[in-house]
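In case you want the letters, here they are:
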Amino acid sequence: MVIETSRLLLREMNMGDAQDMLRLYSRPEVQKYTGESVITTLEGIYDKIDEKRKEYKKYGYGRWITFLKEDMQFVGWAGLSYLPEFDKIDLGYRFLTEFWGKGIATEVSKEILQYGFETLQLEEIIAIAMKENIASIKVMQKVGMQFDKYAPYEPGGEDYVWYTCSKNSILKS
Ligand SMILES: CC(C)(COP(=O)(O)OP(=O)(O)OC[C@H]1O[C@@H](n2cnc3c(N)ncnc32)[C@H](O)[C@@H]1OP(=O)(O)O)[C@@H](O)C(=O)NCCC(=O)NCCS
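Caption draft 1: Summary view of the site of the ligand. The environment of the ligand is made up of 20 residues, and the closest members are Phe95, Gly101, Gly103, Thr106 and Lys142. Measuring from an oxygen atom of the ligand, one finds a backbone N or O atom of Gly103 at 2.8 Å. In isolation the ligand has 960 Å² of accessible area, and contact with the protein removes 70% of it. When residues of the shell around the ligand are traced back to their parent elements, those giving at least two are strand S5 (88-95), helix H4 (104-119), strand S6 (124-130) and helix H5 (134-142). For the shell around the ligand, the element with the most residues is H5, which contributes 6 residues. Its residues assigned to classes, the shell around the ligand shows 11 nonpolar, 5 polar and 4 charged.

The structure is reproduced here in structure tokens:
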């Protein structure tokens, strides 16, 4: 187990999680503001899981699969990802729609930031969202991140909203 919060458990994902991950990635509502396509095949999901597992190995952190503690129901994933094109570490979260609006992203993000700054000794963590993704931006604000800029995520692309936080700003608040 990598992280435990009052309601959730987070661990590294593996190929045995493919059916759960398919339930997440096959939903258009979930994928809508992620910039990623819907995935409807297990082969596509195996590639995703492989991608995430390579990150654990390379950086020692990544996007962790997330379960409800009380009954081990699959909720989605949350975690950190290194973005080589910006040399930044990004906080991200993605959950099944039935778990939205219950404060889960806020709860887990607070713990992930703490883990990032205290255990991993990171200096800065950022978060990026499409301007329309109000729920995601609210989470960034609720966990104490600061607005940084409007800037594209991909060269020549539309502007995204960028938030940032440092070890000092989060652990002292
Ligand atoms: C973004 C996401 C992770 C948020 O998860 P969550 O567990 O519902 O988030 P929380 O409940 O902690 O907080 C969401 C906040 O946004 C608010 N919110 C949600 N939709 C909103 C909207 N359309 N307008 C205004 N506020 C909205 C909620 O009311 C809540 O704020 P509150 O606690 O002040 O009421 C979830 O919606 C999700 O998985 N979306 C799909 C994947 C995704 O877009 N990931 C982020 C990519 S950047």
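Back to the write-up after that little detour.
Caption draft 2: Layout of the pattern of salt bridges. One pass over the full model with this rule turns up 11 salt bridges. We note a salt bridge from Arg7 to Glu107, for which the minimum N-O separation is 2.6 Å. One end of the pair, Arg7, is in the loop between strand S1 (3-4) and strand S2 (8-11); the other, Glu107, is in helix H4, and 100 residues separate them in sequence. Residue Arg7 is classed as partly exposed on the basis of its relative accessible area, which comes to 31%. Under the relative-accessibility criterion, Glu107 is labelled buried at 15%. Taking the shortest distance from any N to any O, the salt bridge between Glu51 and Lys48 comes out at 3.3 Å. You can see Glu51 and its partner Lys48 sitting in helix H3 (residues 42-59), 3 residues apart, about one turn around the helix. Its relative accessible area of 12% is what places Lys48 among the buried residues. Connected through salt bridges with shared partners, the residues Glu36, Lys48, Glu51 and Arg94 form a single ionic network.

Conventions we followed
- Residues numbered from 1 in each chain as written.
- Predicted model: local features only at pLDDT ≥ 70, side-chain atom pairs only at ≥ 80, totals over all residues.
- Heavy atoms only, no water.
- Near = heavy atom within 4 Å.
- Polar contact = N/O pair within 3.5 Å; in protein donor to acceptor, adjacent residues only side chain to side chain.
- Areas by Shrake-Rupley, 256 points an atom, 1.4 Å probe, with all protein chains shown as cover.
- Helix = DSSP H or I, 4+ residues; strand = E, 2+ residues; numbered from the N terminus.
- Nonpolar A, V, L, I, M, F, W, Y, C, P; charged D, E, K, R; others polar.
- Salt bridge = Lys/Arg side-chain N within 4 Å of Asp/Glu carboxyl O.
- Buried < 20%, exposed > 50% of the residue type's maximum accessible area, 1.4 Å probe, protein only.

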